[in-house]
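# Overview (structure and organization)
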Amino acid sequence: MAGQLGRLMCRTGGPREWKWRVLVSVVDNVILYGCEVWGKAIKTRRAREMVDRVQRKIALRIATAYRTVSTKDLFVVASTPPLRLKIWARHEGKSKADILEAWEEEWQIRESWAKEVIGNLKSWGMGGVPEKDKKEGE
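Residues numbered from 1 in each chain as written. Predicted model: local features only at pLDDT ≥ 70, side-chain atom pairs only at ≥ 80, totals over all residues. Heavy atoms only, no water.

To continue, consider the confidence of the model for the protein. With 77% of its residues at a pLDDT of at least 70, the protein reaches an overall mean of 77. Taken as a whole, residues 128–138 scores under 50 in pLDDT and shows five contacts with residues more than four places along the chain or in a different chain. (pLDDT = per-residue confidence, 0-100. Contact = heavy atoms within 4.5 Å.)

What follows deals with the packing of helix α6 (residues 83–92) against helix α7 (residues 96–108). Orientation of α6 relative to α7, taken along the N-to-C sense of each, is 135 degrees, at an axis distance of 9 Å. Between α6 and α7, the interaxial angle falls into the category oblique. The chirality of how α6 crosses α7 is right-handed. Together, R84, L85, K86, W88 and A89 of α6 and D98, I99, A102, W103 and E106 of α7 make up the contact between the two elements. The residue makeup of the contact of α6 with α7, split by class, is six nonpolar, no polar and four charged. (Axes fitted to C-alpha atoms, helices over the stretch in contact; angles between N-to-C directions. Helix = DSSP H or I, 4+ residues; strand = E, 2+ residues; numbered from the N terminus. Parallel < 35°, antiparallel > 145°, perpendicular 65-115°, else oblique. Left-handed = near helix turned anticlockwise from the far one by under 90°. Nonpolar A, V, L, I, M, F, W, Y, C, P; charged D, E, K, R; others polar.)

Tallied over the entire structure, the rule returns two cavities of 30 Å³ or more. Put simply, the largest cavity is a space of about 60 Å³. Of all the elements in the fold, those that place two or more residues in the lining of the largest cavity are α5 (71–77) and α7. Looking at the lining of the largest cavity element by element, the count peaks at three residues for α7. Of the pockets and cavities examined, the second largest cavity occupies roughly 40 Å³. Every residue along the wall of the second largest cavity is listed here: V24, V27, D28, Q55, I58, A59, I62 and T80. Broken down by secondary-structure element, the contributors of at least two residues to the lining of the second largest cavity are α2 (17–32) and α4 (45–63). By residue number, the principal contributor to the lining of the second largest cavity is α4, which donates four residues. Residue composition of the lining of the second largest cavity, by class: five nonpolar, two polar and one charged. (1 Å grid on protein atoms, 1.4 Å probe; cavity = no way out; pocket = protein on both sides within 12 Å on 5 of 7 lines; lining within 4 Å. Points joined across faces, edges and corners; volume = space filled by probe spheres on them.)

Here it is, written out as structure tokens:
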């Protein structure tokens with residue numbers, strides 16, 4: 001489905017990021033439909049890889065990155081939390097804050113060039129206001 005939606009828009013000089021984000025939400029909602037029932041399957045490595053593969057196609061377009069960028073780095077650069085974490089959260093009844101916390105934990109144990117540039121996800125702007133932009137007393 002992600003491939004079919006991706007063909008609607010050209011790769012270079014094509015749609016702005018917000019248009020890709022609309023497509024991301026469509027794909028996310030299609031995949032997340034009914035995951036309360038089948039969500040326990042995401043614990044298997046094969047299911048996680050399949051979901052990552054689907055999400056990767058659109059994340060490549062959002063980030064306008066080369067296909068050689070690692071999947072985990074790509075999701076951070078594209079500012080899209082891994083769909084497998086969204087599935088886990090919906091299946092377990094967790095909140096968006098729990099998704100971002102789990103993503104941050106995965107990110108902190110990671111060794112890559114992107115981690116050296118980005119640091120932590122909150123300073124990159126994930127999950128609300130970046131740390132440096134927060135005003136005192138908030």
